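Geometric and topological summary
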Amino acid sequence: MGAAVIIVLVALFLYGAGTNPAYGWSTYRDYLFNDRIMLGVFNTLQLTIYAMAIGIVLGVVLSVMRLSPNPVFGSVAWVFLWIFRGTPVYVQLVFWGLIPTIYQKIQLGIPFGPTFFHLDLQNLSIPFLLAVIGLGLNEAAYMAEIIRAGITSVPEGQSEASTALGMSWGMTMRRTVLPQAMRVIIPPTGNEVISMLKTTSLVTAVPYSYDLYSIASREIAARTFEPVPMLMVAATWYLVVTSVLMVGQFYLEKYFSRGISRQLTSKQLEALAKAQTATEAGHV
């Protein structure tokens, strides 16, 4: 009964949306593959990829610093995480947008001596770069905790056994710890990539106005005076890209979860039977 009610309500909603002229379906069809919209999709993907690259690389460094016995490294990493996780990403992006105002000129040289490097930020057009840096640094704070959780989830006995076999620390991390940690790291990292894709809609705070949301809702909607269909266009492309990312995340999780089956293979069962037989013979 409940399922039938839900189906009826969904059908009524779809019929109402399809016949409601406020949705502007003709405008939606005209602009779905518009060149400006496709440029926005491309720029949004660039923002996502570059920011996630910064977030993952810096997240690895911060996670190692957090696990380091050195109190200075641990403190610096903790303060970084405290600041970037404790303040809204929109506020951080606004701050990055004001960097050319706060630091109008950057100079490197000897105090009261010659200057080796001079850069006038106000004469540069770098909103894309500032948006990538702002998103990447914010993401690094979350990736650091994800990677740290993945590394600490691997039992210490695995590292000790690898060391006993003569493996170096780097080889142990590469062949023993990280492959097992990836099972814990991949799912939340995939979620972070999807979240980053949607967070790029906030880069107007920098301000950067060439992402998908800005082009659809500000540039085109302001010209056509039809914000609803343009928001639908943006939402459609976000859903398409997100769906592709979800499929990729599924196969990555499947790849790194190999060997976690609760069922033993025939070789494993045979080896287990031999071990039990040898144990019983030893007791006799």
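The structure under discussion appears in the preceding block.
Attention here is on the structure that accompanies the text. (Residues numbered from 1 in each chain as written. Predicted model: local features only at pLDDT ≥ 70, side-chain atom pairs only at ≥ 80, totals over all residues. Heavy atoms only, no water.)

In this section: the overall build of the protein chain. Looking only at helices and strands, the protein chain features 12 helices and two strands. In the protein chain, which comprises 284 residues, the proportion classed as buried is 33%. In the protein chain, 73% of the contacts between residues at least 6 apart in sequence involve partners at least 24 apart. Within the structure as shown, the protein chain displays about 17,900 Å² of accessible surface, and the carbon and sulfur contribution to it stands at 68%. (Helix = DSSP H or I, 4+ residues; strand = E, 2+ residues; numbered from the N terminus. Buried < 20%, exposed > 50% of the residue type's maximum accessible area, 1.4 Å probe, protein only. Contact = heavy atoms within 4.5 Å. Areas by Shrake-Rupley, 256 points an atom, 1.4 Å probe, with all protein chains shown as cover.)

Turning our attention to empty space enclosed by the protein. Going through the model one piece at a time under the given rule, you end up with one cavity of 30 Å³ or more. Roughly 40 Å³ of internal volume is contained in the largest cavity. If you trace the largest cavity, you find it lined by Val41, Thr44, Leu45, Leu197, Leu212, Trp237, Tyr238 and Val241. Listed by contribution, the elements that provide at least two residues to the lining of the largest cavity are α3 (35-67) and α11 (227-256). Partitioned by chemical class, the residues of the lining of the largest cavity number seven nonpolar, one polar and no charged. (1 Å grid on protein atoms, 1.4 Å probe; cavity = no way out; pocket = protein on both sides within 12 Å on 5 of 7 lines; lining within 4 Å. Points joined across faces, edges and corners; volume = space filled by probe spheres on them. Nonpolar A, V, L, I, M, F, W, Y, C, P; charged D, E, K, R; others polar.)

Turning our eyes to something else, we now look at the side chain of serine 201. With respect to the helices and strands, the residue serine 201 is situated in the loop between α9 (169-199) and α10 (212-224). A distance of 2.7 Å separates a polar side-chain atom of serine 201 from the backbone oxygen of lysine 198. (Polar contact = N/O pair within 3.5 Å; in protein donor to acceptor, adjacent residues only side chain to side chain.)

With respect to the helices and strands, alanine 144 occurs in helix α7 (residues 127-152). The exposure class assigned to alanine 144 is buried, which follows from its relative accessible area of 1%. Taking C-alpha positions, alanine 144 is 8.5 Å from arginine 66, a pair spaced 78 residues apart along the chain. Contact partners of alanine 144, with chain neighbours within four places excluded, come to Gly59, Leu62, Ser63 and Leu81.

What follows is about the packing of α3 against α7. The N-to-C vectors of α3 and α7 enclose an angle of 45°; their axes lie 5 Å apart at closest approach. As summarised for this structure, α3 and α7 are arranged oblique, according to the angle between their axes. α3 and α7 meet at a crossing whose hand is right-handed. Classifying every residue of the contact of α3 with α7 gives 20 nonpolar, seven polar and four charged. (Axes fitted to C-alpha atoms, helices over the stretch in contact; angles between N-to-C directions. Parallel < 35°, antiparallel > 145°, perpendicular 65-115°, else oblique. Left-handed = near helix turned anticlockwise from the far one by under 90°.)

This brings us to the packing of α10 against α11. Interhelical geometry of α10 versus α11 gives an angle of 160° and a closest axis separation of 8 Å. Between α10 and α11, the angle falls in the class roughly antiparallel. α10 and α11 meet at a crossing whose hand is right-handed. Where α10 abuts α11, its residues Leu212, Tyr213, Ala216, Ser217, Ile220, Ala221 and Thr224 lie against Pro227, Met230, Leu231, Ala234, Trp237 and Tyr238.

For the rest of this paragraph, the subject is helix α4 (residues 71-86). Along its 16 residues, α4 runs 22 Å from first to last C-alpha, staying within 8% of the 22 Å computed at 1.5 Å per residue. Listed in full, the buried residues belonging to α4 are Gly74, Ala77, Phe80, Leu81 and Phe84. Seen from one end, α4 has its buried residues packed into an arc of 130°, which puts them on one side. Looking at α4, the residues exposed on the side facing more than 90 degrees away from the buried face are Pro71, Val72, Trp82 and Gly86. (Expected span 1.5 Å × (residues − 1). Arc of directions from axis to C-beta.)

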